[in-house]
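# Descriptive structure summary
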Amino acid sequence: MLTDTFGRTIDYLRISVTDRCDLRCTYCLPQGFKGFAVPKDWLTLEETARIAAAFARLGTKRFRLTGGEPLLRKGLADLAADIARCEGVEDISLTTNGTQLAKHARALREAGVRRLNISLDSLRGDCVKQITGADCLPQVLEGIETAKAAGFERIKINMVPLKGINDADLDDMAAFCIRHGFILNLIEAMPMGSTGQEHANVSLQPVLAQLQQKFGLIPFEGSIGGGPARYWKSADSSFTLGLITPMSRHFCATCNRVRLSATGNLHLCLGQEDKVALRPLLRDGCTDAELETAIREAVMRKPEKHEFVENPKKIIRVMAATGG
Ligand code: SAM
């Protein structure tokens, strides 16, 4: 088991397979962004699988593939299958913007991906275009339909409410999720990079009050997926709402994860700069035991908490660079 100096067990690894994305969401990647990693610095999928296997030997049970847009990386289903084969792995999930999902959903499900988070901030095409910079709503909806048919165990829709842009869309998003049996996962925008910093001004607490009243939601104490969300359900269980509130009510004391970037940096906290480079070790021919020691030592450097509220200008890297 991996534990940090604050007694937290780390049993969840989020793996970014690319920092590139086909969308430019206003709170994530700036238009004209030029700071992408160069291919020679990308971990190969074999290197990524080797690090994942080391984490699995150290007790990590849950893995999430993310990015950038993970479906832009060729061979993703093979990586998922490699991770699924590791002893002790209980859960592999994927976060995607859905634009490429219609092509890949079945293969990913067959490879062992159990759960999906699909990002969708509105059901209005013009609003989606305003947020993502692309006219992609029909493609994303097709991806969602295909994913539903492919039989994933659970699908969550990630939505980042933005003041005056999509915050009037909450009822429609809830109705969409009820119709399809999806969980609506609302995320407070975090001040990551200049884009995130521009938008990190929406507390979800009033949104919760509004949705609680409208749908008669009651708190759900059980865990759904091992992430940081807290959940509410309607009395008939037809609607489940998840809230991720790093700004208005942080959850650092129970943080159970670290993040591997596409270039092999192990980020120990989304909201701090602390990281350990694993790529040089791999390329210098380290043994599995040396890799495991490096991971154990890195986890001991995990910071106590982020400072998104106290120090909102601190993190200049964009979310896509770390893996959301
Ligand atoms: N491209 C994939 C996608 O769109 O789902 C995966 C990567 S994306 C960085 C993962 C999640 O991070 C998305 O749900 C996105 O909405 C969220 N995200 C990006 N920037 C954010 C920010 N500044 N604050 C909060 N959430 C953010």
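Quick note: structure is the one above.
Structural notes, computed from the coordinates. Bear in mind the structure is a predicted one, so any value in this text is a computation, not a measurement.

## Side note on the overall build of the chain
Summing up its helical and strand segments, the chain has 11 helices and 14 strands in all. A compact globule built from 324 residues would reach a C-alpha radius of gyration of about 20 Å, and the chain, at 19 Å, matches this within 12%. With the C-alpha coordinates aligned to their principal axes, the bounding extent of the chain is approximately 55 × 40 × 40 Å. Counting every position in the chain, which comprises 324 residues, the buried fraction comes to 57%.

## Remarks on the nonpolar core
What tends to happen in soluble globular proteins is that the nonpolar side chains get buried as a cluster. Core analysis: the biggest nonpolar cluster contains 104 residues, and Ile 157, Leu 184, Leu 186 and Leu 241 have the highest contact counts within it. Beyond its immediate sequence surroundings of up to four residues, Leu 241 is in contact with Leu 184, Leu 186, Leu 208, Leu 211, Leu 217, Arg 230, Tyr 231 and Trp 232.

## Considering the site of the ligand
Taken together, 19 residues sit near the ligand, with Tyr 27, Gly 68, Glu 69, Ser 119 and Met 190 positioned nearest. Contact distances for the ligand include 3.0 Å between a nitrogen atom and a backbone N or O atom of Tyr 27.

## Some words on the pattern of salt bridges
On inspection of all chains with the given rule, the structure shows 19 salt bridges. In this structure, the salt-bridge partner of Asp 4 is Arg 8, at a minimum N-O distance of 2.7 Å. With relative accessibility at 5%, the residue Asp 4 sits in the buried group. In this structure Arg 8 comes out as buried when scored by relative accessible area, which is 7%. Residue Arg 124 pairs with Asp 126 through a salt bridge whose shortest N-O separation is 3.8 Å. One salt-bridge network, held together by shared partners, links Asp 91, Arg 109, Arg 114, Arg 115 and Glu 153.

## A word on the sheet that holds strand E11 (residues 240–244)
Within the open sheet, the 12 strands sit side by side as E9-E10-E11-E8-E7-E6-E5-E4-E3-E12-E13-E14. Their pairing is mixed. Two strands lie at the open edges of the sheet, namely strand E9 (218–220) and strand E14 (275–277), each paired on one side alone. Between one strand axis and the next, the sheet turns through 25° on average, direction left out of account. Two elements, strand E12 (residues 257–260) and strand E13 (residues 265–267), share two bridges in a ladder whose sense is antiparallel. Across the sheet, Arg 259 pairs through a bridge with His 267, a residue of E13.

## With respect to the pairing of E11
Burial of E11 is extensive: five of the five residues sit out of reach of the surface. Side-chain alternation along E11 places Thr 240, Gly 242 and Ile 244 on one buried face and Leu 241 and Leu 243 on a second face that is also buried. In the sheet, strand E10 (residues 230–233) pairs with E11 via four bridges, with the strands oriented antiparallel. Within E11, the residue paired with Tyr 231 across the bridge is Gly 242.

## Examining the environment of Ala 289
Here Ala 289 lies in helix H10 (residues 288–299). Taking C-alpha positions, Ala 289 is 30 Å from Thr 95, a pair spaced 194 residues apart along the chain.

## A short note on helix H6 (residues 170–180)
Here H6 has its buried residues at Leu 170, Met 173, Ala 174, Phe 176, Cys 177 and His 180. Projected down its long axis, H6 shows its buried positions confined to an angular sector of 160°, all on one face. Residues of H6 that are buried in the fold lie against helix H5 (137–150), strand E7 (154–159), strand E8 (183–187) and helix H8 (205–215).

## Remarks on the packing of aromatic side chains
Tallied over the full model, the rule gives three aromatic pairs. For the pair Phe 33 and Phe 36, a centre-to-centre distance of 4.9 Å together with 80° between the ring planes defines the contact as edge-to-face. Of note, Lys 233 hangs over the ring of Phe 220, and the distance from its end group to the ring centre comes to 5.1 Å.

## A closer look at unusual backbone geometry
Of note in this structure, Ser 237 is not a glycine but carries a positive phi near 65°. With respect to the helices and strands, Ser 237 occurs in the loop between E10 and E11. By relative accessible area, Ser 237 is classed as partly exposed at 45%.

Rules used throughout
Residues numbered from 1 in each chain as written. Predicted model: local features only at pLDDT ≥ 70, side-chain atom pairs only at ≥ 80, totals over all residues. Heavy atoms only, no water. Helix = DSSP H or I, 4+ residues; strand = E, 2+ residues; numbered from the N terminus. Rg over C-alpha atoms; globule rule 2.2 N^0.38 Å. Buried < 20%, exposed > 50% of the residue type's maximum accessible area, 1.4 Å probe, protein only. Core = buried A, V, L, I, M, F, W, Y, C linked by side-chain atoms within 4.5 Å. Contact = heavy atoms within 4.5 Å. Near = heavy atom within 4 Å. Polar contact = N/O pair within 3.5 Å; in protein donor to acceptor, adjacent residues only side chain to side chain. Salt bridge = Lys/Arg side-chain N within 4 Å of Asp/Glu carboxyl O. Pairing = 2+ DSSP bridges. Axes fitted to C-alpha atoms, helices over the stretch in contact; angles between N-to-C directions. Arc of directions from axis to C-beta. Phe/Tyr/Trp six-rings, centres within 6.5 Å; stacked < 30°, edge-to-face > 60°. Lys NZ or Arg CZ within 6 Å of the ring centre and 35° of its normal.

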